[in-house]
Amino acid sequence: MLAVLLAAPFLASADATIANVATPSIRHDLAASGGDAQFVVGGYIVAYAVLLITGARLGQTHGYKRLFLLGVALFGVTSLADGLAPDITVLIVMRVLQGASAALMLPQVLTAVQLHFSGESRARAIGLYAVALSIGAVVGQILGGVLISADVAGAGWRPIFLASVPICLAVLALGSRVLPADDRDGRSHVDLAGVAALSVAVLCVVVPLTVGRESGWPVWTWAALAASVPAVALFLLTERRVLAAGRAPLVDTTILARPAIGWGLVGLGASTATYFALLFTLAQYLQTGLGHTALFSGLILLPWVAAFGLAGPVRSRVPAQRLPALPVAGMLMLAAVYLAIGGSVLAGALSTPLLAVLFVPGGFALGIVFTGLLAHMTDAASREHAPDVSGVSATAAQISASIGVAGFGLLYLTLSAGHGPGHAFGITALAFSATALLAVLPAHLATRRPAPAPTRHARQPIGAAT
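Residues numbered from 1 in each chain as written. Predicted model: local features only at pLDDT ≥ 70, side-chain atom pairs only at ≥ 80, totals over all residues. Heavy atoms only, no water.

Undergrad: Sorry if this is basic, but what is going on with a nonpolar patch on the surface here?
TA: Judged by side-chain polarity, Val-146, Leu-295, Leu-299 and Leu-302 come together as a nonpolar surface patch covering roughly 290 Å² of accessible area. Along the chain, Leu-295 falls in helix H12 (residues 294-299). Classification of Leu-295 by relative accessible area gives partly exposed; the value is 32%. (Patch = residues over 30% accessible without salt bridge, like charges linked within 9 Å, V, L, I, M, F, W, Y side chains within 5 Å. Areas by Shrake-Rupley, 256 points an atom, 1.4 Å probe, with all protein chains shown as cover. Salt bridge = Lys/Arg side-chain N within 4 Å of Asp/Glu carboxyl O. Helix = DSSP H or I, 4+ residues; strand = E, 2+ residues; numbered from the N terminus. Buried < 20%, exposed > 50% of the residue type's maximum accessible area, 1.4 Å probe, protein only.)

And the structure:
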């Protein structure tokens with residue numbers, strides 16, 4: 001069951017990055033503009049980020065197994081359509097729909113883990129979930145470069161999308177057999193007002209961050225970011241009114257007041273932002289600054305991903321009373337690794353072997369932070385709130401990734417233009433270190449006291465207990 005479920009975070013993460021290396025080939029083959037190619041990448045990310053929470057709630061109202069299989073089926077169909085797209089317009093539309101299908105299948109994974117796993121098995125499952133997300137992001141870049149370079153059957157960029165189709169078919173065949181039957185809560189209502197308000201708020205953040213850098217940050221991008229503040233306030237007000245009326249909200253915002261969840265999201269967001277910014281800035285530094293290939297810049301991250309995968313098994317062997325300290329320790333280790341990378345670059349002492357060595361404790365530290373905070377958040381929520389934690393954590397991670405790439409990417413590109421790529425990457429790595437160091441406090445606040453899930457035998461209205 002877990003193997004089937006983990007296909008979703010792998011596919012969703014891989015297809016978020018796989019198109020990055022294909023944009024030059026797509027532009028040439030489909031006679032597309034730079035803006036068109038940008039929306040091939042950005043359209044997926046925007047639809048994915050906007051609909052994650054809605055996808056989680058639909059899983060609760062219509063059954064997580066049903067929504068998972070529907071999302072996988074649509075992901076396979078849109079992947080096929082991507083690979084066969086006759087023109088750039090069709091490709092952009094299909095990429096948006098592919099992002100939407102990813103938002104349907106991904107939140108069901110963490111919900112299923114919270115519903116069907118407990119104790120050590122849940123911790124192991126969350127660790128593997130985090131690994132699938134991390135591996136997908138790196139494999140997307142590597143596989144994209146390999147397939148385009150191979151030019152399979154003269155198809156150019158098309159195999160990068162078609163490769164997902166057989167995986168989806170296998171997941172559908174196995175998932176229909178091994179996933180437990182749905183145990184829905186009896187509600188079919190979805191808070192449409194909340195969906196609309198949340199969609200506007202997320203769009204105001206994700207769209208400018210996704211396309212702003214390539215577009216030169218026009219005025220509308222800053223206006224959209226400014227509008228995101230009242231948009232978020234409107235969403236929170238909408239959800240409070242839904243709760244006050246005794247109806248089920250899209251997100252039960254009362255859970256955000258729990259330190260384990262509210263502060264956990266902050267710590268999770270900070271670490272995620274530095275990781276995805278590292279993927280972007282490292283590729284720029286290695287390829288533009290040092291002349292390496294896209295394939296090399298992907299392969300150099302394998303020690304990071306491998307060490308990330310070790311965090312879950314190691315965490316499962318730590319005594320329960322010491323588990324709350326792990327995210328803080330991991331954040332401090334992550335800050336130290338970023339500091340070592342930045343200092344080595346600025347001192348002119350960073351070599352490829354040293355970078356690979358430093359990536360081992362870096363990946364392990366991020367894995368400890370990610371799995372530790374995510375496990376603590378799920379333990380702090382009841383089964384009833386599993387979709388809330390799943391949707392909110394996935395959305396927060398995606399928004400944080402966009403903020404990280406936009407903010408740190410702008411820092412890197414600005415410094416690179418004036419001082420060269422080496423200086424730019426060194427300073428940016430130090431900025432990563434400062435961010436991780438600042439995130440030690442929210443990691444501590446999220447884990448300073450145990451937060452077991454409340455036991456409920458009788459059905460209560462959402463928000464009745466906090």
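Undergrad: Got a minute to help me understand the side chain of Thr-61 in this structure?
TA: Turning to its location among the elements, Thr-61 is positioned in helix H3 (residues 34-62). For Thr-61, a relative accessible area of 1% puts it in the buried group. Here Leu-58 takes part through its backbone oxygen, which lies 3.3 Å from a polar atom of the side chain of Thr-61. (Polar contact = N/O pair within 3.5 Å; in protein donor to acceptor, adjacent residues only side chain to side chain.)

Undergrad: Mind showing me how you'd approach the environment of Gly-212 here?
TA: Within the secondary structure layout, Gly-212 lies in helix H9 (residues 192-215). Of the residues examined, Gly-212 reaches a relative accessible area of 0% and is grouped as buried. Sequence-wise, Gly-212 and Ala-406 are 194 residues apart; in three dimensions their C-alpha atoms are separated by 8.0 Å. With residues up to four places along the chain from it excluded, the contact list for Gly-212 reads Gln-38, Val-207, Trp-217, Pro-218 and Thr-221. (Contact = heavy atoms within 4.5 Å.)

Undergrad: I'm lost on empty space enclosed by the protein in this one. Help?
TA: Vacant regions in the atomic arrangement are exposed by a probe of water-molecule size rolled over the atoms. What the rule picks out here adds up to 1 cavity of 30 Å³ or more. In terms of lining, the largest cavity is formed by Ala-123, Ile-126, Gly-127, Gly-312, Arg-315, Thr-371 and Ala-375. Residue assignment for the lining of the largest cavity shows that the elements contributing at least two residues are helix H6 (119-150), helix H13 (302-316) and helix H15 (352-379). For the lining of the largest cavity, the element with the most residues is H6, which contributes 3 residues. When the residues that make up the lining of the largest cavity are grouped by side-chain class, the tally is 3 nonpolar, 3 polar and 1 charged. (1 Å grid on protein atoms, 1.4 Å probe; cavity = no way out; pocket = protein on both sides within 12 Å on 5 of 7 lines; lining within 4 Å. Points joined across faces, edges and corners; volume = space filled by probe spheres on them. Nonpolar A, V, L, I, M, F, W, Y, C, P; charged D, E, K, R; others polar.)

Undergrad: Can you help me understand the packing of aromatic side chains in this one?
TA: Two aromatic rings, taken as a pair, are described by how far apart their centres are and by the angle between their planes. For the structure on display, the rule yields 11 aromatic pairs. Plain terms: the ring middles of Trp-157 and Phe-161 are 6.0 Å apart, the flat faces sit at 75° to each other, and that makes the pair edge-to-face. Comparing Trp-157 with Phe-161 shows no difference in burial state: the two are buried. Relative to Phe-359, the ring of Trp-304 lies with its centre 5.4 Å away and its plane at 85°, an arrangement referred to as edge-to-face. Note that Trp-304 is positioned in helix H13 and Phe-359 in helix H15, a separation of 55 residues in sequence. With respect to class, Trp-304 is no different from Phe-359; both count as buried. (Phe/Tyr/Trp six-rings, centres within 6.5 Å; stacked < 30°, edge-to-face > 60°.)

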